[in-house]
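If you want the building blocks of each chain, they are given just below.
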Amino acid sequence: MKERRKKTVVSSEELRKKIENKLFSRGVTSPEKATAEQLYHATVYAMKDIISKNRSAFKKRIAASEGKKVCYLCMEFLIGRSLKNNAINLGIYEDLCEILKGYGHTFDEVFSCEADPGLGNGGLGRLAACFMDSLSSLDYAADGYSLCYENGLFRQRLVDGEQVEIPDTWLKDGGAWLYPHPEKSVSVRFGGRIEEVWENGSMKVLHTEYDEVRAVPCDYMVVGAQTDATNIIRLWRAKESYTATKGYSSQGNYIKAMQEKMNAEEITRQLYPPDNHDEGKLLRLTQQYFLVSASLQSIINDYFYTNGSLSNFENKIAIHINDTHPALCIPELMRILMDIYSYSWEDAWSVVTRSVTYTNHTVMPEALECWRIDLFKMKLPRIFSIVSEINERFCADLWKLYPGDWDRISRMAIVSGGQIKMANLSVVGAHTVNGVSKLHSEILKKSVFKDFYKKSQWKFTNVTNGVFHRRWLQSANPLLCELLDEYIGDGYINDPSELGRLEAFVNEGQVLDKLADVKHKNKERFAEYAEKKTGRIIDPNSLYDVQIKRMHEYKRQLLNALKIISIYNDICEDPNSDITPQTFIFGAKAAPGYYMAKQLIKLIYFIGKELEGNPLSKDRIKVVFMEDYNVSMAEMLIPAADISEQISLAGKEASGTGNMKLMMNGALTLGTLDGANVEIFDAVSEENIYIFGLNTAEVEELWRNGYDAREYYRASEKLRLAVDRLYYNLGGENFSHIADYLINSSNNVSDPYMCLADFDSYRYKYAMALKDYSDKKEWNKKSLINIARSGIFASDVSIKAYADRIWHIKPIGKE
């Protein structure tokens, strides 16, 4: 194991005194009488003192090294709860457990007082959080930037199968880990008028009649593992400007000021506000500009304060756009350099294009953001003028390369067809563009950005996503870590490739038995958790088939539902058949305005109700929909999973990270050759994964030749019976509209994500997995191999690739 720089260590007694001092300062004179909530807050504030000390030490190391720093902009960071992760990374977890036990509370009782921060929604935010964890743990200097949302996406409840969205007011009780810094506030301007005036032979831009909003930073400290390296995620809250609070001399002024306050605070009220109307679209655009303007002002202010000028900025700062939401940092950096620091256009553009990098996360056309010109120009007039100029200059260059090729130039233009294309802006302004799996990156080059790739092949590369293995093993699966520590040591904590040493024990019966025992105990733990959450009783001896993803048609929860219906049909047809007990576990939220996604949740719920109500199936197969799926629930469920459902239509999923977490915890993948499944297949080989269905080329060919879902419906009896059951009652509800969506669509093509085309292959591979599962020894071998070969999917590996090939940074002290 490589030597790692050690962090400041606190003894158990020092930690105890810190916690007790925090209790006393809050009026709790006897720790033994403290409530779990009081202990939680005292523990957090005691740990924050330790973390702040580490942060100060790391900042000194950064200053001494004069190294390069990454500024990672993302609209969301799904960080999950922090107490356990931070305690493990600080090396105080075991001491903390003993201290709390001495006060009459378990760690889990105290930990339960922490809310999941509503700062993210899905894979994008979870990836960003993993990356920040790895950046700190590997001693890189990096700051994340996002918004401090008052409300998360929503808290999900199911009422008779219908998703009900409840406000997720997490910040009211969940902001204990934040460090407010009002003294570092900046102002952001919206709307108004732009005038260009000439003074002494140079053009000046005047911005008048604008609305001003104050951006107030709250920092979340990202604690590195076994190092004092502590980076921050700077989260911006929107407040009324200082000028808005002046002049309360009349009631009218006061009312106006209060209205301005409410309008300003609306910017960071809600993560991903609905955008199915102009007001929602404007609010999302406002959020995105607010994020990039505040962040860039902060980045430049800090750089100028440290260096006395902006000289060499592009060689000391890497600005990373994680998906297109922060793409406005390109014109905003141009604005700051030209309008405030008097750079020429050419000099400013040179800085931008040597500073900015861009990760694309989707191939779905609807997810490639575009803004209507009228809305954009009204809300951001100066930024619109800069974007227009970037577009004009870029298109002029394209005309020289491709004279007369209007179609190509229109496809590549940033401003075209009455819209501003943020993905195109990102590619034009960034010096490097990457996809997030090998397959995804090839699709970007051959399809989504094929024109850009032909023009600038050197820009494009791949970095496959990864997950923070310390959290998803040490924090989520301590039983598995005990087994790993016993047989391969703890070197994997700092070097995930060390997990590979476990494969030497693939034929050791004792190790396989212990691995099976770990899985069973994790299943028992989840069954207990699920009963508390849902009231449903799960058999830990059943196979746990798990699909935990955002609810979306392309992720094909519907295909999984058809499989379950087909198994149910088999039971009804042959009640005496010998069938492995199976529990199908779903976790997913549907966007509030996404009708079909909500209908799929309802379908899954009523399938579960149907199975529960029939004595033939009740104790043999079960469907459990876990409401309000979040990071904390994932940490309970992922270690318990036997089968990992990764069944998106080939060519639609960019990468996925849930597939990696599940693999790392010993689940076997049942999936298509999509996203990072391709690389998991390469890593574990064919006999340790269950791949089914069409590949990307076959999907494309089938679309070209004309996909007819009814051909598959007519050709497969099991499929036909499963679809037909949707026309009848399932748990007392009729789902004929979903059957029509699959085979009788009148408005669009039936079955747009080819569930029917992949159904027979899917059922066959699932049956193969069931058969293999019945041979526990062989199944445990497959599980062990998946764990042993998962190290390549650690986010440490991803971050080293970004550092070496995209950001060109080195660990602090190793420049």
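Cut-offs and rules
Residues numbered from 1 in each chain as written. Predicted model: local features only at pLDDT ≥ 70, side-chain atom pairs only at ≥ 80, totals over all residues. Heavy atoms only, no water. Phe/Tyr/Trp six-rings, centres within 6.5 Å; stacked < 30°, edge-to-face > 60°. Helix = DSSP H or I, 4+ residues; strand = E, 2+ residues; numbered from the N terminus. Buried < 20%, exposed > 50% of the residue type's maximum accessible area, 1.4 Å probe, protein only. Pairing = 2+ DSSP bridges. Core = buried A, V, L, I, M, F, W, Y, C linked by side-chain atoms within 4.5 Å. Contact = heavy atoms within 4.5 Å. Polar contact = N/O pair within 3.5 Å; in protein donor to acceptor, adjacent residues only side chain to side chain. Salt bridge = Lys/Arg side-chain N within 4 Å of Asp/Glu carboxyl O. pLDDT = per-residue confidence, 0-100. Axes fitted to C-alpha atoms, helices over the stretch in contact; angles between N-to-C directions. Patch = residues over 30% accessible without salt bridge, like charges linked within 9 Å, V, L, I, M, F, W, Y side chains within 5 Å. Areas by Shrake-Rupley, 256 points an atom, 1.4 Å probe, with all protein chains shown as cover.

Participant: Just checking my understanding: could you explain the packing of aromatic side chains for this structure?
Facilitator: Two measures describe an aromatic ring pair: the distance that separates the ring centres and the angle between the ring planes. Tallied over the entire structure, the rule returns 27 aromatic pairs. With a centroid separation of 6.1 Å and 40 degrees between ring planes, the pair formed by phenylalanine 584 and tyrosine 766 is classed as tilted. Here tyrosine 766 lies in helix 31 (residues 755-773) and phenylalanine 584 lies in strand 19 (residues 582-587), a separation of 182 residues in the sequence. Accessibility expressed as a relative area gives 0% for phenylalanine 584, which makes it buried.

Participant: Explanation requested: the pairing of strand 2 (residues 142-147) in the structure shown.
Facilitator: The two faces of the sheet receive side chains in turn, since in a regular strand these alternate between them. Burial of strand 2 is extensive: six of the six residues sit out of reach of the surface. Of the two faces of strand 2, both are covered, the one formed by Ala142, Gly144 and Ser146 as well as the one formed by Asp143, Tyr145 and Leu147. The pairing of strand 1 (residues 69-73) with strand 2 spans four bridges and is parallel. Looking at the pairing, valine 70 lines up with alanine 142 of strand 2. Where strand 2 meets strand 10 (residues 230-240), five bridges bridge the pair, whose relative direction is parallel. When the sheet's bridge partners are listed, aspartate 143 is paired in strand 10 with isoleucine 232.

Participant: Explain the nonpolar core to me, please; I cannot follow it from the model alone.
Facilitator: A general feature of soluble globular proteins is that nonpolar side chains tend to end up buried together. Within the largest apolar cluster, 146 residues are counted, with the highest numbers of intra-cluster contacts made by Phe290, Phe376 and Trp807. Ranked by residue count, the leading element in this core is helix 9 (residues 278-307), at ten residues. Here phenylalanine 376 is in contact with Leu285, Leu328, Trp371, Pro381, Ile383, Phe384, Val387 and Ile420, once residues within four sequence places are set aside. Counting residues in hydrophobic clusters, the runner-up holds 69 residues, among them Leu668, Leu730, Phe735 and Phe759.

Participant: What exactly am I supposed to notice about the side chain of lysine 563 here?
Facilitator: Summarising the element assignment, lysine 563 is placed in helix 22 (residues 557-573). Relative accessible area serves as the criterion here: at 0%, lysine 563 is assigned to the buried category. Of the polar contacts made by the side chain of lysine 563, one reaches the side chain of asparagine 560; its length is 3.1 Å. Among residues more than four places away in sequence, those in contact with lysine 563 are Asp545, Phe584, Glu645, Phe759, Tyr762, Arg763 and Tyr766.

Participant: Help me out: how do you make sense of the pattern of salt bridges in this one?
Facilitator: Two side chains that carry opposite charge are able to pair once their charged atoms sit near each other. Under the defined criterion, the tally for this structure stands at 46 salt bridges. Here aspartate 228 ties to arginine 61 by a salt bridge, and the two come within 2.5 Å at their closest N and O atoms. In this pair, aspartate 228 is assigned in the loop between strand 9 (211-223) and strand 10 and arginine 61 in helix 2 (residues 36-65), connecting sequence segments 167 residues apart. Arginine 61 carries the same exposure label as aspartate 228, and that label is buried. Between arginine 335 and glutamate 332 there is a salt bridge, with its nearest N and O atoms 2.8 Å apart. Taken together, the residues span about one helical turn, with arginine 335 and glutamate 332 both in helix 11 (residues 329-340) at a distance of three residues. The exposure class of glutamate 332 is buried, given its relative accessible area of 0%. Salt bridges sharing partners connect three or more residues here, namely Arg61, Asp139 and Asp228.

Participant: Sorry, what's going on with helix 30 (residues 736-743) here?
Facilitator: The α-helix advances 3.6 residues per turn, and as a result positions three or four apart in sequence lie on the same side. Along helix 30, the positions that sit buried rather than exposed are Ile738, Ala739, Tyr741, Leu742 and Ile743. Turning to helix 30, the residues buried within the fold contact helix 22, helix 23 (595-613), helix 28 (709-715), helix 29 (717-725) and helix 31.

Participant: Help me understand the sheet that holds strand 13 (residues 370-372) in this model?
Facilitator: The pairing of strands in a sheet happens through backbone hydrogen bonds and is either parallel or antiparallel. Taken together, three strands build an open sheet; the order of strands is 13-15-14 and the sheet is antiparallel. The sheet is open, and its two borders are formed by strand 13 and strand 14 (415-416), each paired with just one other strand. In this sheet, strand 15 (residues 419-421) lies alongside strand 13 in antiparallel orientation, the contact comprising three bridges. By the bridge assignment, arginine 372 is partnered in strand 15 with glutamine 419.

Participant: Before we go on, may I ask you to explain the pairing of strand 10 in this structure?
Facilitator: Taken across its eleven residues, strand 10 has nine buried, putting it largely inside the fold. By the bridge criterion, eleven bridges tie strand 9 to strand 10 in an arrangement that is antiparallel. Each residue of the ladder has a partner; that of proline 217, found in strand 10, is tryptophan 236. Linkage of strand 9 to strand 10, two consecutive antiparallel strands, is achieved through a turn of six residues, within which glutamine 226 is found at a positive phi near 55 degrees.

Participant: How should I be thinking about the environment of proline 381 in this particular structure?
Facilitator: Here proline 381 is to be found in helix 14 (residues 381-401). The buried category is assigned to proline 381, whose relative accessible area is 13%. Not counting the four nearest positions on each side in its chain, proline 381 is found in contact with Gly191, Gly192, Ile194, His207 and Phe376.

Participant: Could you clarify how one ought to interpret the confidence of the model for the protein chain in this entry?
Facilitator: Confidence in the prediction of the protein chain, expressed as mean pLDDT, is 94, and 96% of residues score 70 or more. A low-confidence stretch, residues 1-8 (pLDDT under 50), is modelled with 29 contacts involving residues beyond four sequence positions or located in other chains.

Participant: How do you make sense of the sheet that holds strand 20 (residues 621-625) when you look at a structure like this?
Facilitator: Spatially, 20-19-18-21-22-23 is the arrangement adopted by the six strands of the open sheet, whose pairing is parallel. Two strands bound the open sheet, and with one partner strand each, they are strand 20 and strand 23 (690-691). With five bridges joining them, strand 19 and strand 20 adopt parallel strand pairing. Pairing of isoleucine 585 across the sheet is with valine 624, part of strand 20. Of the strands in this sheet, strand 18 (543-548), strand 19 and strand 20 touch helix 21 (residues 509-534), which is tilted by about 60 degrees from strand 18. Contacts from helix 32 (residues 776-788) reach strand 21 (643-646), strand 22 (668-671) and strand 23, with the element oriented near 90 degrees to strand 22.

Participant: Please clarify how a nonpolar patch on the surface should be interpreted in this entry.
Facilitator: On the surface, Val159, Val164 and Ile166 cluster together into a nonpolar patch covering about 200 Å² of accessible area. Position of valine 159 relative to the elements: it lies in strand 3 (residues 155-159).

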